[in-house]
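# Remarks on the overall topology
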Amino acid sequence: MKILPEISRTLSEYLLIPGLTTEDCTPDNVDLGAPLVRHQVGEESAVRIATPMVSAIMQAVSSPTLAVALAQVGGLSFIHQNQQIEDQAADVLAVKRHKAGFRTSEVTVAPQTPLGEVTRRLSGTEQGVAVVTQSGETDSEFLGIISLDDFHLERHGASETVGHRMRGRDTLVTAEASVTLSEANELIWQHHLDVLPVLEDGRVVSLVLKRDYQAHKTYHRASVDGEKRLRVGAGINSRDFKDRIPALVEAGADVLCLDSSDGYSVYQARTLEFAREEYGDDVFVGAGNVVDGRAFRYLADAGAAFVKVGIGGGAICTTRAQKGIGRGQASALLAVVEARDAYAQETGVYVPLCCDGGLLNDSHMAMALAMGADFIMLGRYFARLDESPSRKLQIGGQWYKEYWGEGSRRAQNAARYGQRGQMVFEEGVDGYVPYAGSLYDNVERTRAKLISTMISCGSTTLRDFHRDAVLVPVSAESFKQTGAEIEVRRPAIDAGE
């Protein structure tokens, strides 16, 4: 038995001391970009993200819809692994089909499809245009396009067929698959197009829409691969990895991550070893979670692409209460950061750290990044948003989204916690979080806060922030001083002003 000579501290127990804000410290100059996978010291990481935020490997959080939205604003999602391999691979593929500025057609019809059916299918999409192929399947010969502007049900009738109202291929301006986004947009404006079909071997591989032009400018930070497809990660486990990893790699996953509450195990090392033997340096697998330097070094030596830090600090995690295992998130992060930096100095390899848990608000994110985390993994934050897959419901006049942990009975993830296929006790809860609206708005607000904090500390990059940040522990009395209660002015009160 050994007792560490420290108090286990949370991120709430620290404040940042302002640094010198120079003329260079402007919002436009602050770069939140972060490495996602290991790399040689002094070199660029093979995978970087412009927004240091990734979504948790959870059923209630990381759907393809959320993955697309988060990649568009510069982050990355990890599609959860608590599902059949083929279903997870399909989710990954759905995200990879989204090329930045190039859309996969949501609706494909045949010439004989009734216009009433086209109307019904297009009403459930926001593209507003359907691709017409010989058989109605996406891999069939391209014949033309049809949109809701090409017909009117009262005039043409619901039983009229697509072949009579579609715009045929011979009348359309098209582009080859090698076209760049800037070239595609030039064609759209030059020929007054609303849609540009992109073809390969006579089949449509994507669409470029005129109304997406502003979105191309808006999502200039998008996380994309070398082919301009959106990046996406996927969770794996240490049981079926020999089948799951190949399927996810085939689907196009950019990064994989072992999903476990405690990553300091020979099972994770074996999984990392398999990935290295099968794929060398071409497949990146993150590992964790850990709370001290011993565990970090073990996983780094095993080849982890990055290491997740945190046990028991999540909003819906009850590991500490159930098993007495864990560490305050700040203490864990500081210990692992020290080990990470020592490892980089000794080996010349930098292994990024992901802060996972203990992040209750945006200021905690700033604190984690200041302490040395390269990026942060969030569950509750993203579960609250429109793009998460859980239900939105109203309770007592307030809107909520469902949220449950992977250690809860609802997740039915007993194997993850070594309970031999039957969940004897839970390490997570099943509940609700207050609904918070759009991911795009929330991430933009969080980015603004992080940038403002870095400016106050005199930093323009995360590396500078790691190096120069000055933190101080906060006493209980300090909490009291900043926690005086006031009656907050509500919008309804100000309505007449």
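Going by what an unreviewed UniProt entry lists, the protein chain is known as Inosine-5-monophosphate dehydrogenase and is assigned to Streptomyces incarnatus. According to its UniProt record, the protein chain has this under Sequence similarities (unreviewed entry): "Belongs to the IMPDH/GMPR family."

Turning to the overall build of the protein chain, a few remarks are in order. A count of helices and strands for the protein chain gives 16 helices and 24 strands. The burial tally for the protein chain puts 51% of its 497 residues in the buried class. Once local pairs closer than 6 in sequence are excluded, the contacts in the protein chain between residues at least 24 apart make up 64%. Element-wise, carbon and sulfur atoms account for 48% of the exposed surface of the protein chain, whose accessible area totals about 23,800 Å².

Our focus in this paragraph is the sheet that holds strand β14 (residues 233-236). Spatial ordering of the closed barrel is given by β5-β6-β14-β15-β16-β17-β19-β20, a layout of eight strands whose pairing is parallel. With strand direction ignored, the average angle separating the axes of adjacent strands in the sheet is 30 degrees. Sheet topology note: the strand β6 (residues 76-79)/β14 ladder contains two bridges and is parallel. Among the inter-strand pairings, Phe78 is bridged to a residue of β14, identified as Gly233. Contacting β16 (285-290), β17 (307-309) and β19 (353-356), helix α11 (residues 329-347) runs over the sheet at an angle of about 175 degrees to β19.

A few words now on the environment of Ala222. Positionally, Ala222 belongs in the loop between α6 (213-218) and β14. As for Ala222 and Ala50, which are separated by 172 residues in sequence, their C-alpha atoms are 7.5 Å apart. Not counting residues up to four positions away in its chain, the partners in contact with Ala222 are Ala71, Gln72, Gly74 and Leu230.

Here Ser331 is to be found in helix α11. We classify Ser331 as buried; its relative accessible area is 8%. In terms of polar contacts, Ser331 uses its side chain to reach the backbone carbonyl oxygen of Ile7, at 3.4 Å. Aside from chain neighbours lying at most four places away, what touches Ser331 is Glu6, Ile7, Ser8 and Arg9.

For strand β9 (residues 142-147), the tally of buried residues reaches six of six residues, placing the bulk of the element in the interior. Pairing of β9 with strand β10 (residues 167-168) involves two bridges; the strand directions are antiparallel. For Ile145, the partnering residue across the bridge sits in β10 and is Arg167.

Moving on, we come to the pattern of salt bridges. Scanning the entire structure with this criterion turns up 22 salt bridges. For Glu444, the salt bridge is made with Arg221, and the minimal N-O distance between the two is 2.9 Å. Of this pair, Glu444 sits in helix α14 (residues 439-456) while Arg221 sits in the loop between α6 and β14, placing them 223 residues apart in sequence. The closest approach of N and O atoms between Asp374 and Arg340, which form a salt bridge, is 2.9 Å. Taken together, the residues span a long stretch of sequence, with Asp374 in the loop between α12 (362-371) and β20 (375-378) and Arg340 in helix α11 at a distance of 34 residues. Just as Asp374 is buried, Arg340 falls in that class too. One salt-bridge network, held together by shared partners, links Lys96, Asp225, Glu227, Arg229, Arg231 and Asp254.

Once that is clear, we can look at helix α2 (residues 85-96). Under the 1.5 Å per step criterion, the end-to-end length of α2 is 17 Å for twelve residues, consistent within 8% with the ideal 16 Å. Inspection of α2 places Ile85, Gln88, Ala89, Val92, Val95 and Lys96 among the buried residues, and these make up the whole buried set. All buried residues of α2 fall inside an arc of 120 degrees around its axis, so they share one side.

Tracing the chain through its elements places Asn29 in the loop between β1 (14-17) and β2 (34-35). Each C-alpha atom of the pair Asn29 and Ser459 lies 9.7 Å from the other, and the pair is 430 residues apart in sequence. With near-sequence residues (within four places) excluded, Asn29 lies in contact with Asp24 and Thr460. A distance of 3.0 Å separates a polar atom in the side chain of Asn29 from the backbone oxygen of Asp24.

Time to look at the pairing of β16. Judged by how many residues are buried, β16 sits mostly within the fold: six of six residues are covered. Note: strand β15 (residues 255-258) against β16, two bridges, orientation parallel. Bridge pairing links Leu256 to Val285 in β16. Taken together, β15, helix α8 (residues 266-279) and β16 constitute a β-α-β crossover, and its handedness is right-handed. In this structure, β16 lies alongside β17, joined through three bridges in parallel fashion. Opposite Gly288, over in β17, you have Lys308 as the bridge partner.

Before going further, it helps to spend a moment on helix α9 (residues 293-301). Taken together, the buried positions of α9 are occupied by Ala295, Phe296, Leu299 and Ala300. The arc enclosing the buried residues of α9, seen along the axis, measures out at 130 degrees, which places them on a common side. Gly303, located one to two residues past α9, shows a positive phi value of around 105 degrees.

This brings us to the packing of aromatic side chains. Scanning the model with the defined rule gives six aromatic pairs in all. Between the aromatic rings of Phe296 and Tyr343, the centroid separation amounts to 5.9 Å while the plane-to-plane angle is 90 degrees, which identifies the pairing as edge-to-face. Here Tyr343 lies in helix α11 and Phe296 lies in helix α9, a separation of 47 residues in the sequence. In this pair, the class of Phe296 matches that of Tyr343, namely buried. Between Phe306 and Phe375 the ring centres are 5.4 Å apart and the planes differ by 75 degrees, which places this aromatic pair in the edge-to-face class. In this pair, Phe306 sits in the loop between α9 and β17 while Phe375 sits in strand β20, placing the two residues 69 residues apart along the sequence. Aromatic rings pair up to connect Phe78, Phe306 and Phe375 into one cluster.

Rules behind the numbers
- Residues numbered from 1 in each chain as written.
- Predicted model: local features only at pLDDT ≥ 70, side-chain atom pairs only at ≥ 80, totals over all residues.
- Heavy atoms only, no water.
- UniProt positions renumbered as here; feature names shortened; annotations may be inferred.
- Helix = DSSP H or I, 4+ residues; strand = E, 2+ residues; numbered from the N terminus.
- Buried < 20%, exposed > 50% of the residue type's maximum accessible area, 1.4 Å probe, protein only.
- Contact = heavy atoms within 4.5 Å.
- Areas by Shrake-Rupley, 256 points an atom, 1.4 Å probe, with all protein chains shown as cover.
- Pairing = 2+ DSSP bridges.
- Axes fitted to C-alpha atoms, helices over the stretch in contact; angles between N-to-C directions.
- Polar contact = N/O pair within 3.5 Å; in protein donor to acceptor, adjacent residues only side chain to side chain.
- Salt bridge = Lys/Arg side-chain N within 4 Å of Asp/Glu carboxyl O.
- Expected span 1.5 Å × (residues − 1).
- Arc of directions from axis to C-beta.
- Right-handed = clockwise from strand over helix to strand, strands pointing away.
- Phe/Tyr/Trp six-rings, centres within 6.5 Å; stacked < 30°, edge-to-face > 60°.

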